Amino acid sequence: MYKNMEVNLKDIKILAIETSCDETSSAVVVNGRHVLSNVISSQIELHKKYGGVVPEIASRKHVELIIDVIDRAMKEAQTEFIGIDAIAVTYGPGLVGALLVGVSAAKAIALAHNKPLLAINHIEGHIAANFIQDTNLTPPFICLVVSGGHSHIVFVRDYDKFQVLGQTRDDAAGEAFDKVARALGLGYPGGPIVDEFAKQGNPKAIEFPRVYFNDDKKYDFSFSGIKTAVLNYLNIMKQKSNEIKVEDVCASFQKAVVDVLVNNLIACAVSNGVDKIALAGGVAANSFLRDILSREAMKHNLNVFIPNPVLCTDNAAMIGSCAYYKYLKGDFSDIELNAVANLKIGQKG
Ligand code: KG4
Ligand code: ZN
């Protein structure tokens, strides 16, 4: 997927580090668009037995893995530190102990090699995955960012100008996938498993609720109701000793979530007169969401941008892409940089 390219002397090469949750990742990215390496070491197997990410275990594992992951990213990119222009790191939002591992590593490298440091917002990083996928994509566009912790509709007015037009009022979309999968006993993380089961199921088998808002925040989401509806459905079926068709539950739940995501994103783009829409975040790897969005976008004459699944879930290449545009503005951080667990989109410092 990565482009082979000749690197010329004017190119800006950024070493990026991402440790906000359960992936230890490091990448080398040129000019924000071309990935020379993107090493991702997932801790999923480690957290599986607990049914979710255990923050303390995640931090410890990041400490164990980080040096090796960075080394591999540098080797795969056939780069020495002398050829690196800046060090970028995710500093929020995320698990504070996990973030601190990446931030400390980035600061140490920046200090030791006398390189500028770029502090990157994880959600803005997810959005930037689209700049890697389509090297011609430029703002403005509207992006749906759906991950384990976030569900946002963001108006990307420029590389560094973000306006949140909709967000979840309770659970994130990925959280709902994970909780439903857990209730069905399918394991962790739930999204990819529900995605697979849903392929064999009937999306019209069970009518789960879709929540839309009529107030001044009409592009907001709410997914806690649908999660509860699935749990109630499962309890009632068990009480009646009725057979539960897991594939149908997955397909019907997934359809309800995807309908709301796609309808809000398209309505938001149309009402703002924006003809480019993009997807980002772990849930953007969902095959049904990708299909439905592509189809609906075509009906409304919207250009749709969707990163490859590996660029949707957590990875450092997207952080290196986002960092390039901060580099161009000279928006560097100092060595006092700290992790900010609840960092908001567009928030500075
Ligand atoms: O972006 P990400 O890797 O980490 C966060 O920043 O949260 O997103 C992880 C989330 C998890 O909730 C996972 O279940 C979900 O993305 N996910 C999916 C799929 N692949 C990952 N959800 C639905 N369908 C998928 N194929
Ligand atoms: Zn993420």
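Scroll up a little and you will see the structure.
A brief report on the enclosed structure follows. A quick note: this is a predicted structure, and the numbers were derived from the prediction, not measured.

Details of the pattern of salt bridges
Link 1 in the chain: Scanning all chains against the criterion turns up 16 salt bridges.
Link 2 in the chain: A salt bridge links Arg169 to Asp215; the nearest nitrogen and oxygen atoms lie 3.1 Å apart. Residue Arg169 is located in the loop between β8 (161-167) and α5 (173-183), and its partner Asp215 is located in the loop between α6 (190-198) and α7 (224-239); the two are separated by 46 residues in the primary sequence.
Link 3 in the chain: The exposure class of Arg169 is partly exposed, given its relative accessible area of 38%.
Link 4 in the chain: Since its relative accessible area comes to 35%, Asp215 is described here as partly exposed.
Link 5 in the chain: A salt bridge links Lys179 to Glu175, with the nearest nitrogen and oxygen atoms 3.2 Å apart. Residue Lys179 and its partner Glu175 are both found in helix α5; the two are separated by four residues, about one turn of the helix.
Link 6 in the chain: What makes Glu175 partly exposed here is its relative accessible area of 25%.
Link 7 in the chain: Each of the salt bridges in this network shares a partner with another, and the network as a whole consists of Asp171, Glu175, Lys179 and Lys227.

What to know about the coordination of the zinc ion (ligand 2)
Reference values for coordination geometry: four tetrahedral donors around a metal ideally subtend 109.5 degrees, six octahedral donors ideally subtend 90 or 180 degrees.
Link 1 in the chain: In the first shell of the zinc ion (ligand 2), the protein supplies His122 (NE2), His126 (NE2) and Asp314 (OD), at 2.0 to 2.1 Å from the metal.
Link 2 in the chain: Each donor residue of the zinc ion (ligand 2) belongs to the same chain, with the gaps between them written as H-x3-H-x187-D. Of this pair, His122 and His126 both sit in helix α4 (residues 122-133), four residues apart, which is roughly one turn of the helix.

Observations regarding the sheet that holds strand β2 (residues 23-30)
Sheet strands pair by backbone hydrogen bonding; their relative direction is either parallel or antiparallel.
Link 1 in the chain: One open sheet holds the five strands; their spatial order is β3-β2-β1-β4-β5, and the pairing between them is mixed. Each of the sheet's edge strands pairs with one partner strand only, and the pair in question is β3 (34-42) and β5 (117-121). Sheet twist, expressed as the average angle between the axes of neighbouring strands with direction ignored, equals 20°.
Link 2 in the chain: Pairing analysis gives six bridges linking strand β1 (residues 13-18) to β2, with the strands arranged antiparallel. If you follow Ile17 over to β2, its bridge partner there is Ser26.

Regarding unusual backbone geometry
Link 1 in the chain: A cis amide bond links Pro139 with the next residue in sequence, Pro140, at an omega value of 5°.
Link 2 in the chain: Inspection of the secondary structure assignment puts Pro140 in the loop between α4 and β6 (141-146).
Link 3 in the chain: For the peptide bond that leads from Tyr188 to Pro189, omega is -10°, which places it in the cis range.
Link 4 in the chain: Of note, the phi angle at Asn31 is positive, near 50°, even though the residue is not glycine.
Link 5 in the chain: Relative to the assigned elements, Asn31 resides in the loop between β2 and β3.
Link 6 in the chain: Given the relative accessible area of 18%, Asn31 is considered buried.
Link 7 in the chain: In this structure, Gln78 takes a positive phi of about 50° despite not being glycine.

Overview of the state of the cysteines
Link 1 in the chain: Using the criterion set out here, one finds zero disulfides in the structure.
Link 2 in the chain: Cysteine Cys312 shares no disulfide, and the gap to the nearest cysteine sulfur, in Cys143, comes to 9.5 Å.
Link 3 in the chain: Of all cysteine sulfurs, the one in Cys143 lies closest to Cys322, which takes part in no disulfide; the gap is 12 Å.

Some remarks on the sheet that holds β6
Link 1 in the chain: Taking strand neighbours across the sheet as the criterion, the five strands line up as β8-β7-β6-β9-β10 in an open arrangement whose pairing is mixed. A strand with exactly one partner marks an edge of an open sheet, and here the two such strands are β8 and β10 (303-305). Taking the axes of each pair of neighbouring strands and ignoring which way they run, one obtains an average angle of 25° across the sheet.
Link 2 in the chain: Of the strand pairs in this sheet, strand β9 (residues 276-280) and β10 are connected by three bridges, and their pairing is parallel. Paired with Lys276 across the strands is Asn303, a residue of β10.
Link 3 in the chain: Seen against the sheet, helix α8 (residues 246-271) touches β6, β7 (151-158), β8 and β9 and runs at an angle of roughly 160° to β6.

Some details on the packing of α8 against helix α9 (residues 287-299)
Link 1 in the chain: Here α8 crosses α9 at 35°, and the two axes come no closer than 10 Å. Our pair here, α8 against α9, has a crossing hand that is right-handed. Listed contacts from α9 to Gln254, Lys255, Val258, Leu261, Val262, Leu265 and Ile266 of α8 are Phe288, Leu289, Ile292, Leu293, Glu296 and Ala297.
Link 2 in the chain: Classifying every residue of the contact of α8 with α9 gives ten nonpolar, one polar and two charged.

Quick look at the pairing of β9
Link 1 in the chain: Extensive coverage of β9 is indicated by the burial of five of its five residues.
Link 2 in the chain: The two faces of β9 match: Lys276, Ala278 and Ala280 on one face and Ile277 and Leu279 on the other face are all buried.
Link 3 in the chain: Summarising the sheet, β6 and β9 pair through four bridges and their orientation is parallel. Looking at β9, one finds that Val145 is bridged to Ala280.
Link 4 in the chain: In terms of handedness, the path from β9 via α9 over to β10 forms a crossover that is right-handed.

Rules used in this analysis
- Residues numbered from 1 in each chain as written.
- Chains lettered and ligands numbered in written order.
- Predicted model: local features only at pLDDT ≥ 70, side-chain atom pairs only at ≥ 80, totals over all residues.
- Heavy atoms only, no water.
- Salt bridge = Lys/Arg side-chain N within 4 Å of Asp/Glu carboxyl O.
- Helix = DSSP H or I, 4+ residues; strand = E, 2+ residues; numbered from the N terminus.
- Buried < 20%, exposed > 50% of the residue type's maximum accessible area, 1.4 Å probe, protein only.
- Donors = N, O, S within 2.8 Å, 3.2 Å for Na, K, Ca; no water.
- Pairing = 2+ DSSP bridges.
- Axes fitted to C-alpha atoms, helices over the stretch in contact; angles between N-to-C directions.
- Disulfide = S-S within 2.5 Å.
- Contact = heavy atoms within 4.5 Å.
- Left-handed = near helix turned anticlockwise from the far one by under 90°.
- Nonpolar A, V, L, I, M, F, W, Y, C, P; charged D, E, K, R; others polar.
- Right-handed = clockwise from strand over helix to strand, strands pointing away.

Any link to function would need more than the numbers given here.
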